[in-house]
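# Chain and residue survey
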Amino acid sequence: LYGEPDLTIKVVRDVFNEDFSKLIVSGEEAWDTIEAYVTYVAPDLVGRLEKWTKDQDIFAAWRIDEQIHKALERKVFLPSGGSLVIDRTEAMTVVDVNTGKFTGSGGNLEETVTKNNLEAAEEVVRQLRLRDIGGIIVIDFIDMVLESNRDLVLRRMVECLGRDRTKHQVAEVTSLGLVQMTRKRMGTGLLEVFGEQCETCAGRGIVTHDDPVEHRRANTVAAEHHVQRADSHRADAPRTDQRPDQRMDVARGDSQPGGRNDRKRRRGRGGQPLDVAPAAPVQIHTVHPDPSDAERHAKAEATRAALANIAAAAHAAHLHEDEVAQAISAAGQAAAGAPAKA
């Protein structure tokens, strides 16, 4: 019975051929295995084998990790400035070709579009092999007016697919510039190996809500505005854990570090700094008087005012009586002294 060889031999058997200039192998065991296999199967390719002897990681040296990350991205940039957008659905894979920054040099739009489509056709085939995309594939090339240009793009794509060992079938370019093709998948795709389905959106790429998105945004903005106003009101309100003199200092700006009161508190006699413990917070309670106490207080004040008026009147009357008695006494003395002089 014969079994499937290990991954190293399988890759060399399926991929390595005359199109490769060299095959770099890292590791003693892998080198011995691959060299023995290539020597037995294809002796003419032994000269293209190269053993990696440097201490640096071979993937980092040849930027393999970077290429894997690029192969997992949705958008692929072309050397001329255009781009490909690859979207995978349940039924098929769709590839959209965009010109991007590519404007051409001749000024002819048809020529520019044709060059961009030719470059995109080669890159599409490369991405299909690199990502191992299978099933129904629809490629949306940029619209071309001339039939000869559409045939040229189709021939270039079929020529590039000739290097692919997988079974494929390409249809003609439709009037809308679409190319339909099928390709058999050889193994597990690159996206399935390095990726997993999102738990939040379940692979849809969007997150749904119970309410319309516009209403959610409006409610979020209103809530943020309300929180900001509440924070500003709390910042402007006076603190209840400060003494009254501290509140006055804050109002005058003397409580800042280095202010007048701060310097007074920090220095005692002789200019020596004092370590003054912070005062305990004083709680101020407002006493609301009882209505019955207020009435009694008003009556007492009225009684005091009446007694004061009576005392003032009596004092004025007493002063008047003294003045009358003094006048009578003075008149009597004057009358008694007048005959004596005569």
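Below is a summary of the structure that appears in this document. (Residues numbered from 1 in each chain as written. Predicted model: local features only at pLDDT ≥ 70, side-chain atom pairs only at ≥ 80, totals over all residues. Heavy atoms only, no water.)

## Quick look at the pattern of salt bridges
This is how the line gets drawn: A side-chain nitrogen of Lys or Arg and a carboxyl oxygen of Asp or Glu constitute a salt bridge if their distance falls within 4 Å. Throughout this description, buried means an accessible area under 20% of the type-specific maximum (1.4 Å probe, protein chains only), exposed means over 50%, and partly exposed covers the range between. A run of DSSP states H or I qualifies as a helix once it reaches four residues; a run of E qualifies as a strand once it reaches two. Both are numbered from the N-terminal end.
One pass over the full model with this rule turns up 13 salt bridges. Between Asp 14 and Arg 13 there is a salt bridge, with the nearest N and O atoms lying 3.0 Å from each other. For Asp 14, a relative accessible area of 27% puts it in the partly exposed group. Residue class for Arg 13 comes out partly exposed when judged on its relative accessible area of 35%. Two residues, Arg 156 and Glu 122, come together in a salt bridge whose shortest N-O distance is 2.7 Å. Here Arg 156, found in helix 6 (residues 147–161), pairs with Glu 122, found in helix 5 (residues 109–131); they are 34 residues apart in sequence, far enough to count as distant. Using a relative accessible area of 37% as the deciding quantity, one classes Glu 122 as partly exposed. Through salt bridges that share partners, Arg 63, Glu 66 and Lys 70 make up one connected network.

## Focus on the nonpolar core
Let me state the cut-off plainly: Take the buried Ala, Val, Leu, Ile, Met, Phe, Trp, Tyr and Cys residues and link them wherever side-chain atoms come within 4.5 Å; each set so joined is a nonpolar core. The contact rule is simple, with two residues in contact once any of their heavy atoms fall within 4.5 Å.
Counting residues in hydrophobic clusters, the biggest one holds 27 residues, and the most contacted among them are Leu 84, Ile 139, Phe 141 and Met 157. Every element with two or more residues in this core is listed here: strand 4 (83–88), strand 5 (92–98), helix 5, strand 6 (135–140), helix 6 and strand 8 (178–183). Broken down by element, this core gets its largest block of residues, seven residues, from helix 5. The residues touching Phe 141, leaving out its near neighbours within four places in the chain, are Val 97, Asn 117, Ala 120, Ala 121, Val 153, Met 157, Gly 177 and Val 179. Of all hydrophobic cores here, the second largest spans nine residues; its members include Val 25, Val 38, Ala 42 and Leu 49.

## Regarding the pairing of strand 1 (residues 23–26)
Our working definition: Here a strand pair is declared whenever DSSP counts at least two bridges between the two strands. Clockwise travel from the first strand over the helix to the second, with the strands pointing away from the viewer, marks a crossover as right-handed.
For strand 1 and strand 2 (residues 49–52), the ladder comprises four bridges, and the chain directions are parallel. Considered in strand 2, the bridge of Leu 23 is made with Leu 49. Once you follow strand 1 into helix 2 (residues 28–41) and on to strand 2, the crossover reads as right-handed.

Distances and angles like these do not, on their own, reveal function.
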